[in-house]
Amino acid sequence: MILRTLLLLVTFSCWSFSVGAEPLVLACNPWKPLIDNTLPNQGLLSDIVVTAGARVGLEVEHRILPWNRLVAQVKRGDIDGISCSTYVDEDKSWITYTNQPFWVTEVGFFVRKDSKIKLDQLDTLRKHTFGALKGGKYTEVLRGLISKDIKIIPYPKEMHGMKMLIEKRFDILFTGEVVGNSVLKERNLDRANEITYLEALYLEHVHPAISLQRPDAKLIASRLSEGYKLIKADGTLEALFQKHQLFPSSYSVKFTN
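None of these values were measured; they are calculated from a predicted model.

A short note on the pairing of strand β2 (residues 58-64)
Here's step 1: Taking every second residue as pointing to the same face, the buried face of β2 carries Leu58, Val60, His62 and Ile64, while none of Glu59, Glu61 and Arg63 on the other face is buried.
Here's step 2: Two strands pair when backbone bridges link them, and strand β1 (residues 22-28) and β2 are joined in this way by seven bridges, in the parallel orientation. In the strand pairing of β2, cysteine 28 is matched with isoleucine 64.
Here's step 3: The handedness of the β1 to β2 crossover, carried by helix α2 (residues 44-55), is right-handed.

Regarding the state of the cysteines
Here's step 1: By the definition in use, this model includes one disulfide.
Here's step 2: Here cysteine 28 engages in a disulfide with cysteine 84; their sulfurs sit 2.0 Å apart. The S-S bond linking cysteine 28 to cysteine 84 shows a torsion near 100°; that makes this disulfide right-handed. With cysteine 28 in strand β1 and cysteine 84 in strand β3 (residues 81-86), this pair connects stretches of sequence that are 56 residues apart.
Here's step 3: With a relative accessible area of 0%, cysteine 28 lands in the buried category.
Here's step 4: Overall, the relative accessible area of 6% leaves cysteine 84 in the buried class.

Thresholds applied
- Residues numbered from 1 in each chain as written.
- Predicted model: local features only at pLDDT ≥ 70, side-chain atom pairs only at ≥ 80, totals over all residues.
- Heavy atoms only, no water.
- Buried < 20%, exposed > 50% of the residue type's maximum accessible area, 1.4 Å probe, protein only.
- Helix = DSSP H or I, 4+ residues; strand = E, 2+ residues; numbered from the N terminus.
- Pairing = 2+ DSSP bridges.
- Right-handed = clockwise from strand over helix to strand, strands pointing away.
- Disulfide = S-S within 2.5 Å.

Next comes the structure, spelled out in structure tokens:
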């Protein structure tokens, strides 16, 4: 009887270990200051995803890949999901999102201080030219906020966009507050002090998303959400904010069900 009990305990322990070490491969494109290979633990958002996964028995391997490549790999099921996706209804045909956002950031306007541009009424901004990341969602968001007829000038990377704003190649840069201010602070751009951030126009919610090529995709997404809640509840999440010296636009991110 004792031997049988011991065998059962060993079997249970081995099963628990295998569950605890369940691998999950997620990826994001470089997205300073939140994700990049030059940052500790690949950055704050990578740290959050890996830590949350570990709390619920998921051993997350986080990769940094060009966006188009990682999307193709997720669609094929070569990797399990995206760590830094934002909700797009059309994408629900190939991924399922965590019901809990892992990051919330302000998205708004950067302008030159001498432009005197203000946000009294958005429709008064139609006469201005706008910069938005090439291939990003912000082009359509801008048109929806202001007018379909506004002139939008694409740029390849955030640093290029900020340089173009300084050089007066467009009037308004539409991007995330954390990303834009990181470029101004860290890239040593000439005349960076001539740029100011106005205010948030909307909050962008960032969710990990799991490929529907996995039959347990919804379960994995649910487990990741639970892991996030656990690290938020016990103070680990705030410790990660402090560690990376980055804080979300809304510190009291609401739990969703």
